[in-house]
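Residue strings, one per chain:
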Amino acid sequence: MTSPTRKRARHARPPTRTFPTRPAAGHRPAGGPAGRRPTLAEELRGASLVTEIVASFVVFLVALPLCIGVAVASGAPAELGIVSGVVGGLVVGLMRGSTLQVSGPAAGLAALVAEAGAAHGLATLGVIVLATGILQIALALIKLGRMFQAISVAVVQGMLAGIGLPLMISQSYVLADSKAPGTPVENALGLPGLVTTALSTTDALIATALGLATVALCFVWKKVPGPVAKVPAPLVAVAVGMVVAALPGVRIDTLRVGDLAASVHFPGAAEFASLADPAVMATVLTFTVIASAESLFTAAAVDRMHTGPRTRYNSELLSQGVGNTVCGSLGALPMTAVVARSSANVQAGARTRLSRTLHGLWLLGFALLLPGLLALIPITVLAGVLVHSGFKLLAPEQFPRLWKQDKGEAVVMVVTTFAIFGTALLEGVLIGLAAGVVLAVLRMSRTTVRHSTDGDTAKLTMTGSATFIRLPQLLDALDAVAAAGSPRIRLDLTAMTHLDHACRTQIDEFVAQQRRSGTVRVELLLPGGPNGAPAVKPGGPPPGNGVPGAAGEELPDLPYRAERPAPGRRATPSRPGVEPFAPEREFTGTATTAEFDVGEWEQAYVGEAARREAGTPQEASHHRDPRRSDPAGGGRHDARAPGPYDVFDGPG
């Protein structure tokens with residue numbers, strides 16, 4: 001005989017069953033304690049070694065033409081671009097921060113590097129990059145990596161567009177085997193003459209056609225069907241350009257490549273002494289802000305491409321600082337995180353830091369073992385690759401899209417873009433930040449004004465936030481209230497979320513001026529009373545309380561209660577002939593129900609106290625001080641201050 005089944009208590013917890021789980025690829029593998037980033041060996045336990053190696057080759061093929069093209073656009077030897085790419089792989093690639101982000105010389109800094117090199121010399125450029133790296137390390141150590149996320153997205157997009165537009169225009173001259181005149185504005189004004197130059201000779205025409213073909217190839221290559229589309233478009237363009245340049249009778253400029261080891265230059269005492277120059281330090285600050293912002297915003301973009309570990313921004317900023325410190329020590333170009341290489345890394349199936357580290361090894365091996373191949377690459381092809389990169393930075397489709405979403409932010413983006421184009425990178429970014437701040441102030445200073453008249457009282461109700469930029473609107477509203485000619489004015493500002501000093505001063509001056517006239521009574525309700533109650537400004541009784549005397553008579557405010565009843569309660573009469581005590585209403589004994597605020601009760605109570613002291617007969621109002629005990633009433637009113645929801649007896 002089996003025993004009956006026992007019923008489990010209703011409150012008993014059902015039995016739990018656990019199942020072994022395996023972490024997804026790219027997430028923290030077994031062996032890595034929570035709270036810290038796993039080591040490279042721990043990452044490889046859940047990844048495919050073959051996939052990582054294949055991804056590293058893909059990144060290498062994308063990085064090689066970009067490293068060379070950015071160096072040429074920066075006015076530096078091609079070898080220095082490769083050195084920065086090697087550092088971005090072998091040094092930054094091994095460090096923690098972002099797992100799949102790939103670093104190297106970026107097109108966004110090409111114009112800035114070219115200006116710095118022309119102004120201070122390539123020898124000083126290494127010291128500038130070194131100081132930039134040290135500043136980035138310092139920012140990371142004091143945990144300011146996320147500070148760059150506080151920058152308006154419109155300013156960042158405008159900054160990238162302001163970098164991309166001059167890059168496209170300047171590289172258009174290189175694309176035609178010509179030399180750019182100088183500043184972005186001068187380059188833009190010289191474009192009509194460039195067309196004439198490109199058509200003047202056969203060699204220039206061939207170079208221009210090859211460069212334009214490179215640009216077109218970069219745009220349409222992804223649409224090629226089949227596995228061929230997985231080959232990077234810049235690599236295909238370089239291969240085609242090398243074939244065209246080798247044809248007999250074709251004379252176009254190609255790279256001049258030297259010894260990789262000989263291109264390394266260690267800064268000396270003279271270069272370090274240049275840091276005392278304010279212009280050099282301004283360039284250092286510009287490099288720091290732009291390189292850090294570009295790297296961290298690229299990290300945010302790369303995080304949206306995969307489901308692996310998220311970027312640790314302070315760690316990533318530290319990695320970028322170490323990389324730039326090493327680049328500066330070697331006299332190489334500055335480096336940032338690059339979207340093109342990072343997206344290629346993610347799309348190739350990489351899951352660990354191994355792929356980005358190996359790509360630096362392949363760059364180093366190619367430059368050391370096959371430097372002769374670099375001398376066959378036409379410069380016009382590299383210029384075409386950079387024109388495409390500049391177009392991607394410009395992202396013209398972002399302008400109408402942002403205009404539909406937020407017209408104010410779109411204006412900030414346009415202002416930032418053309419400010420950079422017309423001045424310089426640092427000045428343009430500062431102008432864009434100022435435009436963003438002005439937009440934020442305007443949006444935070446939205447004030448709504450309502451005028452109304454209730455009998456002989458002119459009422460002005462203001463809501464929102466008032467700052468100094470709303471002074472014209474505030475003055476117009478005050479003038480309109482004064483022009484109404486009413487003997488009583490009520491200014492209700494209790495719904496204001498912010499009232500700055502300038503607006504508050506103007507309101508106080510208006511109140512004082514009206515009270516000095518001797519013909520107008522002014523009631524001023526200010527925001528910020530205790531427990532959410534409105535603050536009554538002393539200096540005049542509330543309108544409609546019937547207190548005789550000169551306008552502007554000083555009356556003390558009733559102290560606020562320590563506690564306020566819970567919101568939502570309603571005063572309900574206990575029996576016929578009883579009504580709740582409400583301000584600005586005669587007490588006729590009619591039973592009603594009403595809601596009102598503590599501040600309103602206090603105003604009405606102050607007015608009632610003044611009427612008693614003045615001896616004004618009020619047959620329809622109560623005459624007891626509710627704070628005194630009432631033996632006749634059975635002690636119903638004790639010595640406490642009544643609240644707005646207390647009930648008072650009617651006459652008799």
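This report concerns the structure included in the present document.

Conventions used here
- Residues numbered from 1 in each chain as written.
- Predicted model: local features only at pLDDT ≥ 70, side-chain atom pairs only at ≥ 80, totals over all residues.
- Heavy atoms only, no water.
- 1 Å grid on protein atoms, 1.4 Å probe; cavity = no way out; pocket = protein on both sides within 12 Å on 5 of 7 lines; lining within 4 Å.
- Points joined across faces, edges and corners; volume = space filled by probe spheres on them.
- Helix = DSSP H or I, 4+ residues; strand = E, 2+ residues; numbered from the N terminus.
- Nonpolar A, V, L, I, M, F, W, Y, C, P; charged D, E, K, R; others polar.
- Patch = residues over 30% accessible without salt bridge, like charges linked within 9 Å, V, L, I, M, F, W, Y side chains within 5 Å.
- Areas by Shrake-Rupley, 256 points an atom, 1.4 Å probe, with all protein chains shown as cover.
- Salt bridge = Lys/Arg side-chain N within 4 Å of Asp/Glu carboxyl O.
- Buried < 20%, exposed > 50% of the residue type's maximum accessible area, 1.4 Å probe, protein only.
- Right-handed = clockwise from strand over helix to strand, strands pointing away.
- Axes fitted to C-alpha atoms, helices over the stretch in contact; angles between N-to-C directions.
- Parallel < 35°, antiparallel > 145°, perpendicular 65-115°, else oblique.
- Left-handed = near helix turned anticlockwise from the far one by under 90°.
- Contact = heavy atoms within 4.5 Å.
- Expected span 1.5 Å × (residues − 1).
- Core = buried A, V, L, I, M, F, W, Y, C linked by side-chain atoms within 4.5 Å.
- Pairing = 2+ DSSP bridges.

## Focus: the layout of surface pockets
Taken as a whole, the second largest pocket encloses approximately 780 Å³ of empty space. As for the second largest pocket, its lining consists of 32 residues, of which A73, A111, A114, S170 and G182 are closest to the centre. Contributing elements (two or more residues each) for the lining of the second largest pocket: α2 (49–73), α4 (110–120), α6 (153–175) and α7 (184–189). Residues of the lining of the second largest pocket, tallied by class, amount to 18 nonpolar, 12 polar and 2 charged.

## Some points on a nonpolar patch on the surface
A cluster of nonpolar side chains, contributed by L368, L369, L370, L373 and L376, occupies part of the molecular surface with about 490 Å² of accessible area. Of note, L369 is situated in helix α16 (residues 354–369). Using a relative accessible area of 70% as the deciding quantity, one classes L369 as exposed.

## Quick notes on the pairing of strand β6 (residues 521–526)
When a strand is regular, its side chains alternate between the sheet's two faces. Burial analysis of β6 places 6 of its 6 residues in the buried class, the great majority of the element. Here β6 shows no split at all, with R521, E523 and L525 on one side and V522, L524 and L526 on the other all buried. Handedness of the crossover joining strand β5 (residues 488–499) and β6 through helix α23 (residues 501–516): right-handed.

## Looking at the packing of α6 against helix α21 (residues 425–444)
A pair of packed helices is characterised by two quantities: the angle between their axes and the separation of those axes. For the pair α6 and α21, interaxial distance at closest approach is 10 Å and the crossing angle is 150°. Relative to α21, the element α6 is oriented roughly antiparallel. With respect to the hand of their crossing, α6 and α21 are arranged in right-handed fashion. Facing α6, whose interface residues are V155, M159 and I163, α21 presents L425, V429, G432 and L433.

## Digging into helix α10 (residues 233–245)
Taking 1.5 Å per residue as the helical rise, α10 with its 13 residues ought to reach 18 Å, and the 18 Å between its terminal C-alpha atoms agrees with that figure. Those residues of α10 that fall on the buried side of the exposure criterion are A233, P234, V236, A237, V238, G241 and A245. Structurally, α10 contributes buried residues whose contacts are with α2, α9 (202–220) and α18 (379–394).

## Some points on unusual backbone geometry
Phi is positive for K143, which is not a glycine, with a value near 65°. With respect to the secondary-structure elements, K143 resides in the loop between α5 (122–141) and α6. On the accessibility criterion, K143 (60% relative accessible area) is exposed. The phi torsion at A395 lies on the positive side, around 45°, for a residue other than glycine. Since its relative accessible area comes to 12%, A395 is described here as buried.

## A look at the pattern of salt bridges
When the charged atoms of two side chains lie near each other, side chains of opposite charge can form a pair. What the rule picks out here adds up to 7 salt bridges. Put simply, R251 and D203 hold a salt bridge, and the shortest N to O gap is 3.4 Å. With R251 in the loop between α10 and α11 (260–263) and D203 in helix α9, this pair connects stretches of sequence that are 48 residues apart. A salt bridge links E409 to R443; the shortest N-O distance between them is 3.9 Å. Linking E409 in helix α20 (residues 407–422) with R443 in helix α21, this pair joins segments that are 34 residues apart in sequence. Note on R443: relative accessible area 31%, which makes it partly exposed. Look at the salt bridges and you will find they share partners, linking D406, E409 and R443 into a network.

## Here's the deal with the nonpolar core
Counting residues in hydrophobic clusters, the biggest one holds 64 residues, and the most contacted among them are I68, F287 and L425. With 8 residues, α2 is the single largest residue contributor to this core. Membership of the second largest hydrophobic core comes to 20 residues, among which are L478, M496, I507 and V520.

## Some details on helix α14 (residues 313–329)
Owing to its 3.6 residues per turn, the α-helix aligns residues three or four sequence positions apart on the same side. Taking 1.5 Å per residue, 17 residues should reach 24 Å; α14 reaches 24 Å between its end C-alpha atoms and fits that length. Of the residues making up α14, those classed as buried are Y313, E316, L317, S319, Q320, G321, G323, N324, T325, C327 and G328. Against the buried residues of α14 lie α3 (78–90), β1 (103–104), α5, α13 (278–303) and β2 (336–337). Two residues or fewer past α14, G331 is found with a positive phi of approximately 75°.

## Overview of the pairing of β5
Across 9 bridges, strand β4 (residues 457–466) lies against β5 in parallel orientation. Counterpart to T461 in the pairing with β5 is D492. Considered for its hand, the β-α-β crossover made up of β4, helix α22 (residues 471–483) and β5 is right-handed. Sheet topology note: the β5/β6 ladder contains 5 bridges and is parallel.

## Let's talk about the packing of α9 against α10
It is the contact of α9 with α10, at a shortest axis distance of 9 Å, that shows an interaxial angle of 155°. Between α9 and α10, the crossing angle belongs to the class labelled roughly antiparallel. When you trace α9 past α10, the crossing you get is right-handed. Touching L210, T214, L217 and C218 of α9 are A233, V236, A237, G241 and V244, all from α10. Split into classes, the residues belonging to the contact of α9 with α10 amount to 7 nonpolar, 2 polar and no charged.

By themselves these figures say nothing about function.
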